[in-house]
Amino acid sequence: MKSFKSRLVFVIAMTLLLVAALPIIAFAEEEAEYVPNLYGTIFALLPPVIAIALALITKEVYSSLFIGILSGAVLWSIGGQGFFGILEHVMNDGIVGNVADSYNVGILVFLVLLGWLVAMMNKTGASGAFGVWAENRIKTKTGASFATIALGCLIFVDDYFNCLTVGSVMRPVTDKHKISRAKLAYLIDATAAPVCIIAPVSSWAAAVVGFVEGDDGFLRFLKCIPYNYYAILTLVMMIFLVLFKFDYGPMKTHELNAAHGDLYTTEDRPYADAGDDKVQGKGQVKDMVVPVVVLIVLCIIFLLYSGGFFDGEGVIDSFSNADAAVGLSMGSMLALIFAVIWYVGRRVLSFKDAMECFPEGFKAMAPAIMILTFAWTLKTMTDSLGAKQFVAELVEGSAAGMQAMLPAIIFAIAVGLSFATGTSWGTFGILIPIVIPIFEGHDTLISLSMAACMAGAVCGDHCSPISDTTIMASAGAQSNHINHVNTQLPYALTVAAVSFVAYIISGILPEGAKIIGLPIAIALMIGTMLVLKNTIGKGSEEEYA
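Structure report, in brief. (Residues numbered from 1 in each chain as written. Predicted model: local features only at pLDDT ≥ 70, side-chain atom pairs only at ≥ 80, totals over all residues. Heavy atoms only, no water.)

### Observations regarding the overall build of the chain
The helix and strand inventory of the chain stands at 26 helices and 0 strands. Counting every position in the chain, which comprises 545 residues, the buried fraction comes to 56%. In the chain, the share of contacts with a sequence separation of at least 24, taken over all contacts with a separation of at least 6, comes to 81%. As displayed, the chain offers around 21,400 Å² of accessible surface, 67% of which is attributable to carbon and sulfur atoms. (Helix = DSSP H or I, 4+ residues; strand = E, 2+ residues; numbered from the N terminus. Buried < 20%, exposed > 50% of the residue type's maximum accessible area, 1.4 Å probe, protein only. Contact = heavy atoms within 4.5 Å. Areas by Shrake-Rupley, 256 points an atom, 1.4 Å probe, with all protein chains shown as cover.)

### Quick look at the pattern of salt bridges
The tally for this structure, following the rule as stated, stands at 4 salt bridges. Residues E255 and K141 are paired through a salt bridge, measuring 2.9 Å at the closest nitrogen-oxygen approach. Of this pair, E255 sits in helix α14 (residues 250-259) while K141 sits in helix α7 (residues 141-154), placing them 114 residues apart in sequence. With a closest N to O distance of 2.8 Å, D175 and R181 form a salt bridge. (Salt bridge = Lys/Arg side-chain N within 4 Å of Asp/Glu carboxyl O.)

### Structural notes on unusual backbone geometry
Of note, K178 is a non-glycine position whose phi angle comes to about 55 degrees, a positive value. Tracing the chain through its elements places K178 in the loop between α8 (159-176) and α9 (181-190). Despite not being glycine, R347 shows a phi value in the positive range, around 60 degrees. Topologically, R347 is positioned in the loop between α17 (324-345) and α18 (351-384).

### Quick word on α17
Between the first and last C-alpha of α17 there are 31 Å, a value that for 22 residues agrees with the 32 Å anticipated at 1.5 Å per step. Within α17, the full set of buried residues consists of A324, A325, G327, L328, S329, G331, S332, A335, L336, A339, V340 and Y343. Immediately downstream of α17, the backbone of R347 shows phi near 60 degrees, a positive value. (Expected span 1.5 Å × (residues − 1).)

### Considerations on the side chain of H484
Following the sequence through the fold, H484 ends up in helix α24 (residues 481-508). On the basis of relative accessible area, H484 is assigned to the buried category, the value being 0%. Beyond its immediate sequence surroundings of up to four residues, H484 is in contact with A182, A185, Y186, D189, T470, A473, S474 and S479.

### Here we look at the side chain of S384
Assignment of secondary structure puts S384 in helix α18. Within the structure, S384 has its side chain in polar contact with the backbone oxygen of M381 (distance 2.7 Å). (Polar contact = N/O pair within 3.5 Å; in protein donor to acceptor, adjacent residues only side chain to side chain.)

### Quick notes on the state of the cysteines
Under the defined criterion, the tally for this structure stands at 0 disulfides. With no disulfide of its own, C163 has C196 as its nearest cysteine by sulfur position, at a separation of 8.2 Å. Overall, C163 belongs to the buried group, its relative accessible area being 0%. (Disulfide = S-S within 2.5 Å.)

### Concerning the packing of helix α5 (residues 102-124) against α18
Running from amino to carboxyl end, α5 crosses α18 at an angle of 140 degrees, the nearest separation of the two axes being 7 Å. At the point where α5 passes α18, the crossing takes the right-handed sense. Here α5 contributes N104, I107, L108, L111, V112, G115, W116, A119, M120 and K123 to the contact with α18, which in turn contributes A354, M355, C357, F358, E360, G361, F362, M365, I369, L372 and W376. (Axes fitted to C-alpha atoms, helices over the stretch in contact; angles between N-to-C directions. Left-handed = near helix turned anticlockwise from the far one by under 90°.)

### Here's the deal with the environment of D323
Examined against the element boundaries, D323 turns out to sit in the loop between α16 (315-321) and α17. As a C-alpha pair, D323 and G307 span 16 residues in sequence and 6.6 Å in three-dimensional space. The residues contacting D323, other than those within four sequence positions of it, are Y103, L303 and S306.

### Remarks on the packing of aromatic side chains
The final tally for this structure, using the stated rule, is 15 aromatic pairs. For the ring pair F83 and F84, a centre distance of 5.7 Å and an interplane angle of 70 degrees mean the geometry is edge-to-face. Assessed through its relative accessible area of 52%, F84 is described here as exposed. What links up through ring pairs into an aromatic cluster is the set Y186, F240, F244, F246, Y248 and Y491. (Phe/Tyr/Trp six-rings, centres within 6.5 Å; stacked < 30°, edge-to-face > 60°.)

### A few points about the environment of G128
Of note, G128 is situated in helix α6 (residues 126-137). Classification of G128 as buried rests on a relative accessible area of 12%. Measuring from C-alpha to C-alpha, the distance between G128 and P172 comes to 6.5 Å, with 44 residues separating the pair along the chain.

### Here we look at the packing of α18 against helix α23 (residues 468-477)
Relative placement of two packed helices is described by the angle separating their axes and the distance separating the axes. One can describe the packing of α18 onto α23 by two numbers: an axis separation of 10 Å at closest approach and a directional angle of 175 degrees. The pairing of α18 with α23 is recorded here as roughly antiparallel in orientation. Facing A368, I371, L372, A375 and W376 of α18, the residues of α23 in contact are D468, I471, M472 and A475. Split by residue class, the contact of α18 with α23 holds 8 nonpolar, no polar and 1 charged. (Parallel < 35°, antiparallel > 145°, perpendicular 65-115°, else oblique. Nonpolar A, V, L, I, M, F, W, Y, C, P; charged D, E, K, R; others polar.)

Printed below as a string of structure tokens:
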């Protein structure tokens, strides 16, 4: 089977290269603006579909993403670009262009600096000390899971920050209680985007507010919160799973293996050696807690700074205008300097050892950096094929005479678009400006449909292996990325199905009664979980004991 998958990837790659080479002699005259023949068609969504399908089939993410990128460039070339045009589009417009983008560079810098900080924590033994301290206070697997959820909900400012910080802090605790890395990645991911999208003070709220024109964006965001079914139901489901101690799908296998000491399940363990030396140092609990608290405080301060807080803007406006790349990179840089001074001053780490932690931290983050770079490049290919225009026409064409069903339709379209492109914010940018004019004059319907858009975007983001948040959750948990995607997918699809039904019900309800859609949705979610627990989840309590 493995050899078949390898041959499949090889054949697809060679076919794409052959197709790419065919137009090498067709050097079209340079035009002012090149528009591919397939621009704005359904083919714009084909490259990410290819990449995602290959990743799920082969369990190998790097080659799958690259083949998806190459297929996007080939589709883009149909209309006058030759072989060299394809290469230039992949390298200059794609990989190089994304790595050179100031926002993306800021995120990569944040990744590397946080990796360096975590490596120092491990080297001092602070992570191990925290694990021992937490083990003495958190006595059960359920307690460790709830502690992870609580910390994830507390760090609601930004999803990237959430994923990496929660992972760094809680890994020693969840490892001690034999929670699989895949389950930790799920708990991190489920408290990242779903929490950020219902938190008024967050980078996600700022993104949504920025896409609302002709209305009070912040007030509109607040009105959308009770209708953001996917985000709220994800939290309900996660708490239910932990409280009633059961899992299903691939996650159950990972948890059973973890109960017997195998936290990874699969042979591929890209982070397996990342914490081997964490018990060798003489660090104490405060050597982990103090740098993490400083990191959180500094990142929040610099997020406010990037939004103009120190130039007179209010807190809400500052978060709305915040630049996550600037705030997180500046905050993490100062936190790292503080950590070096702290560790050297306390003599738990020499300056030389602190500097030697840099390559270790970079190495730990290299998989996430590579996947992020390829995912950004794949999005560039999709954008160059006019995915936004195709989806905009699709939504506008569905609006006539279907107002009651439109929230559910918008949710489904947002799921598909976010899944294919790997971006929630891009999905907001496409759909929100379309949704508001459709329901002009119907305040509740605007809020319901905007919430459906946001919920669908987060759902697709959760399911997609090329989503940056999903990648960050894998990095934070130090889990194999495809393992995280495979184990989370059944959970995300369960919540998506219940959310879709809830949006149908809310769309049908009278204007003044739509608010009862939330308790109905929660009741449906709990009912679904009870059915799953008494069928495919039966016996989990004994197996996990």
